[in-house]
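Observations on the three-dimensional arrangement
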Amino acid sequence: MGHRMALPSLLLIGAAGLGHGAETRSEPYFEASTWYDWGLYGAYPRQSYQSFGGTPPKLNLVQRHSRCHDGLVFLEPRGVYVDMPGPVIVDNDGSLVWMQTAWGEAMDVKVQQFNGSNYITFWHGTDNGTFGDGGYIMLDESYEVFKTITPVGGVKGDLHEFRITQHGTALIAMHQETQAPMSGNGLPTRWIYDSIFQEIDLHSGELLFEWHASDYFPIDESRAPCDGQGDDTSNAFDFFHINSIDKGADGNYLVSSRYMCAVACISREDGRVLWQLGGENNDFDDLSHGGATNFTWNRHASWYENTTLTVLDNGSNGDINTAGHSRGLMIELDLEGMTAALVHSYVSPQMLLAPSQGSVQVLPNNNVLVGWGHTPAYTEFSLDGEVLCDTHLGPVRLANLGWVNSYRTFKFNWVGRPNTVPDVAMRPEEKAVYVSWNGATEVDTWVLQSGPSPDLDPFVEHKTVVKTTFETRISVPSDANEFVRVVALDARRRVLGYSNVVSTRIRTATEPLPAPPRATKPAPATPLALTFFGLAAGVAVVHLFRGMCRRGLCGLWRTAVPSYRYQPLPTSQKQWPPPTQKGLERNAAAFQV
C-alpha cells in the first residue's frame, strides 16, 4: 500500500515545478525548502491575498537569527517570470509591507534622506539587460511622488546609481554612444558606450560636476571581451561599465567599473584618477596576498569609514568565471603607504556565483547585508562574517535562467503613512472579512465594527484583532449588522484610518494592481521537474510490470531458454596501461579591436 501511494506523490512532485509560480495564502514564507531552490514550487513563488491585488514574492527563509537587523527589506523583483515588477518592501519574516507596480521595473530601491526627511528612491524606465534609459523618483512617507530627477543635457538616466549626498546633491550614472580612439598607435576609431556620471543640485537642478570615463581610462585596458564590437552605434563596445558612485568626506568621488575590474577615486577638482584599486593599473600593495585587489567584474563600491570601503566581487561576468563564488568585501586602505588589506569577506552559505548585479550594505547594528543580484537571494552577516539570516526569493539553483532577480537589496527603518484607506474584502461564505493596508507600517490592531446602514452612525464595535501579517482575517459574529467596516489603530490605540463599508451579504471583488502591459509567457518547465517527471514515469512502469514479469513473461522466457553456467575468464598477468591524458591548451583571452 505504501508503494502505491508513493508513486502518485512522486508524480505530483515532478509536475509541481511546471507551474509559473504558486500563489498561496498560508504562511508568507517557506522554511528552508530545498525544493524551492530547485524550482519545484515554480519559477517565481508568490503570495496572494483576498483584500489586495498584488502578488509579492513568497520567500524561502533558509536561515534566521534574532541578531539580524529588524529593519525592513527593500527588494526590486524582476525577470522573465515576474508578472508585476516594481519596488517591494517586506519584513524579516517575508510578510509584505508595501509594493507598487504602476511604474514597472524599478532598480536601486532604497531609503535616502533629503532636507531632514526620508524618501524611497529608485530608478524606473526601460532596461535592455545591460543599461537602462529612464529617470529617478523620490516618494514621500505617503508614497506620493515628491520629486522626479533626470540628467542634465538630454541624456537619459541609467539604472545603476542614484545616490543622494549629505549636501543635498544627487549622483547619477549615464551611458552614451560615442566615438573614441582605441589607442594612440594609429588604430581606427571605434564606437563605445562611454560611462558618465553627474552630480546635480536637487534644489535647483544645476549641474555641478560631470565626468566621462573615456577621458581618463584607455579603452584597451578593459577586460571585457570586444568580440568584434564597435563598428557602429548598434554594437558599441561597453569598455568601462560604471555601476556605482559614492562621494567621500573629502569631496572626491568613488566609482566602480565592472569591465576595468577596479574601483577608482576621482578628483572633485579636475576629474583625474587619484588612485585605482584593482585592475590593470592597481596602485596598492596588497597586504592580503591578493585578497584585497583580485576582485573581478565588481560593483557597488561604497565608503564605510574614512579609509574603509565595501564592494561586491561578482567573480563572473556571465561568460567568464574568474572565481568559484561571489564575495562581499570590506577593504581597508592606507592612502599614505598605498597599501590595501582585506578586513572581512562575506560568502553565501551556498557559495553562490552571481554573474551580475548585487550590493553590499553595512547596517546600523554593524551587520552586513549582501544582495546577490542576478542570483535571487540575500544574506545578512555579522561584521566578522558569520551567517545570520539567509533568504531566497526564487530558485537559486536555476538562477542562470534569469527567471527572477533583484538588482540590489537593502534594509532600512521606514515609516509609511499612506493617504489611502485600509482595503477590505467580504467573504459571505466564510462569514469573514479580510483586511490589509498597503504601506501602512504603524498599524497594530484592527477593530471590526458594524451598523444598520452604510452611511449612518453609530457603528458598533465587535472585536479587536492584533495585526501579525500583511492581511488579517476577521470572523464576523452572528449578531453583527449587515454593514461592516474595519478601523486601524496604532500601538497607542489612536485611529489611523477607516476602511470602506461593505455588506456582509455581498462578496467583495478585488482588482489587481495596475501595471504596465507585459508580454505573456508560457509557464516554465524546469529541467529538474522534467527529470523528476521522467524518473517517476520510469519507476511507475517498472512497478506496474514487475509483477507481470515475474508471474508470466519471465517464466515463459525461463522455460524456453536452457540454463547455462558461465565460467570465469582467466585473469591476465599483464595490466593494461592507462591511457595518457592530453594536456589542454589554454587560449589567452587577448583583447581584439
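Cut-off values and rules
Residues numbered from 1 in each chain as written. Predicted model: local features only at pLDDT ≥ 70, side-chain atom pairs only at ≥ 80, totals over all residues. Heavy atoms only, no water. Helix = DSSP H or I, 4+ residues; strand = E, 2+ residues; numbered from the N terminus. Buried < 20%, exposed > 50% of the residue type's maximum accessible area, 1.4 Å probe, protein only. Contact = heavy atoms within 4.5 Å. Areas by Shrake-Rupley, 256 points an atom, 1.4 Å probe, with all protein chains shown as cover. Pairing = 2+ DSSP bridges. pLDDT = per-residue confidence, 0-100. Axes fitted to C-alpha atoms, helices over the stretch in contact; angles between N-to-C directions. Patch = residues over 30% accessible without salt bridge, like charges linked within 9 Å, V, L, I, M, F, W, Y side chains within 5 Å. Salt bridge = Lys/Arg side-chain N within 4 Å of Asp/Glu carboxyl O. Lys, Arg positive; Asp, Glu negative; His and termini not counted. Charge placed at Lys NZ, Arg CZ, Asp CG, Glu CD. Phe/Tyr/Trp six-rings, centres within 6.5 Å; stacked < 30°, edge-to-face > 60°. Core = buried A, V, L, I, M, F, W, Y, C linked by side-chain atoms within 4.5 Å.

Let's shift gears to the overall build of the protein. Within the protein, the secondary structure is distributed over three helices and 40 strands. For the protein, the proportion of its 593 residues judged to be buried stands at 52%. Of the contacts formed within the protein by residues at least 6 apart in sequence, a portion of 57% connects residues at least 24 apart. Looking at the protein as shown, the accessible area adds up to about 28400 Å², and 51% of this sits on carbon and sulfur atoms.

Our next topic: the sheet that holds strand 24 (residues 308–313). With mixed pairing, the five strands of this open sheet are ordered in space as 22-26-25-24-23. Each of the sheet's edge strands pairs with one partner strand only, and the pair in question is strand 22 (285–286) and strand 23 (299–305).

Here we take up the confidence of the model for the protein. Taken as a whole, the protein shows an average pLDDT of 87; of its residues, 81% reach a score of 70 or greater. When the criterion is pLDDT under 50, residues 1–19 qualifies, and its contacts beyond four places in sequence or with other chains add up to 31 contacts. Within the model, pLDDT remains below 50 along residues 553–593, and this stretch shows 17 contacts once partners closer than five positions in the same chain are excluded.

Here we take up the sheet that holds strand 12 (residues 145–149). Sheet architecture is open: four strands sit in the order 9-10-11-12, paired in antiparallel fashion. The sheet terminates laterally at strand 9 (106–114) and strand 12, the two strands that pair on one side only. Direction aside, neighbouring strands of the sheet carry axes that sit 25 degrees apart on average. Looking at chain direction, strand 9 and strand 10 (residues 117–127) are connected through seven bridges and run antiparallel.

This brings us to a negative patch on the surface. A cluster of acidic side chains, namely Glu 305, Glu 332, Asp 334 and Glu 336, defines a negative patch on the protein surface. The topology assignment puts Asp 334 in strand 25 (residues 327–334). Its relative accessible area of 35% is what places Asp 334 among the partly exposed residues.

Another aspect to go through is the packing of aromatic side chains. Going through the model one piece at a time under the given rule, you end up with 28 aromatic pairs. When the centroid spacing of 6.2 Å and the interplanar angle of 55 degrees are considered together, the rings of Tyr 49 and Phe 52 count as tilted. Phe 52 gets classed as buried once you look at its relative accessible area, which sits at 6%. Taken together, a centroid distance of 4.9 Å and an interplanar angle of 55 degrees make the contact between Tyr 49 and Phe 470 tilted. With Tyr 49 in the loop between strand 3 (46–47) and strand 4 (59–63) and Phe 470 in the loop between strand 36 (460–466) and strand 37 (472–475), this residue pair connects regions lying 421 residues apart in the sequence. There is no split in this pair, since Tyr 49 and Phe 470 are both buried.

Most of strand 9 sits out of view: eight of its nine residues are buried. Count of turn residues in the strand 9/strand 10 antiparallel hairpin: two residues, of which Asn 115 carries a positive phi of about 55 degrees.

Moving on to the pattern of salt bridges. By the definition in use, this model includes 25 salt bridges. Linking Arg 78 and Glu 105 is a salt bridge whose minimum nitrogen-to-oxygen distance equals 3.9 Å. Residue Arg 78 is found in strand 6 (residues 77–78), and its partner Glu 105 is found in the loop between strand 8 (96–99) and strand 9; the two are separated by 27 residues along the sequence. Note on accessibility: Arg 78 and Glu 105 belong to one class, buried. A salt bridge links Arg 507 to Glu 429; the shortest N-O distance between them is 2.4 Å. Linking Arg 507 in the loop between strand 40 (502–503) and helix 3 (527–560) with Glu 429 in the loop between strand 33 (423–427) and strand 34 (432–436), this pair joins segments that are 78 residues apart in sequence. Overall, the relative accessible area of 47% leaves Arg 507 in the partly exposed class. Bridged by salt links that share partners, the residues Asp 108, Lys 110, Glu 161, Arg 163, Asp 246 and Arg 408 form one connected network.

A few words on the environment of Leu 398. Relative to the elements of secondary structure, Leu 398 occurs in the loop between strand 30 (387–392) and strand 31 (405–406). Relative accessible area serves as the criterion here: at 12%, Leu 398 is assigned to the buried category. Residues Leu 398 and Pro 376, spaced 22 residues apart in sequence, show a C-alpha to C-alpha distance of 9.6 Å.

Across three bridges, strand 2 (residues 29–31) lies against strand 4 in parallel orientation. Directly across from Tyr 29, in strand 4, lies its bridge partner Leu 59. Relative to strand 30, strand 4 runs antiparallel, the two being bridged by three bridges. By the bridge assignment, Asn 60 is partnered in strand 30 with His 392.

Now for the environment of Thr 296. Its location among the elements puts Thr 296 in the loop between strand 22 and strand 23. Taking the C-alpha atoms as reference points, Thr 296 and Arg 223, 73 residues apart in sequence, are found 9.3 Å from one another. Residues within four places of Thr 296 in sequence aside, it is in contact with Arg 223, Cys 261, Asp 313, Asn 314, Gly 315 and Thr 322.

The next thing to look at is unusual backbone geometry. Cis geometry marks the peptide bond from Asp 457 to Pro 458, where omega comes out at 5 degrees. Following the sequence through the fold, Pro 458 ends up in the loop between strand 35 (445–451) and strand 36. Although it is not a glycine, Ala 32 adopts a positive phi angle of roughly 50 degrees. By relative accessible area, Ala 32 is classed as partly exposed at 43%. A positive phi angle, close to 60 degrees, is found at Asp 108, a residue other than glycine. Inspection of the secondary structure puts Asp 108 in strand 9.

As a rule of thumb, nonpolar side chains are buried together in soluble globular proteins. Counting 26 residues, the largest nonpolar core has Phe 197, Trp 211, Phe 239 and Phe 240 as its most contacted members. Leaving out residues up to four positions away in the same chain, Phe 239 has contacts with Ile 192, Tyr 193, Asp 194, Ala 213, Ser 214, Phe 217, Pro 218, Ile 219, Ser 222, Tyr 259 and Met 260. Grouped together as the second largest cluster of nonpolar side chains are 20 residues, Tyr 49, Leu 59, Leu 61 and Val 404 included.

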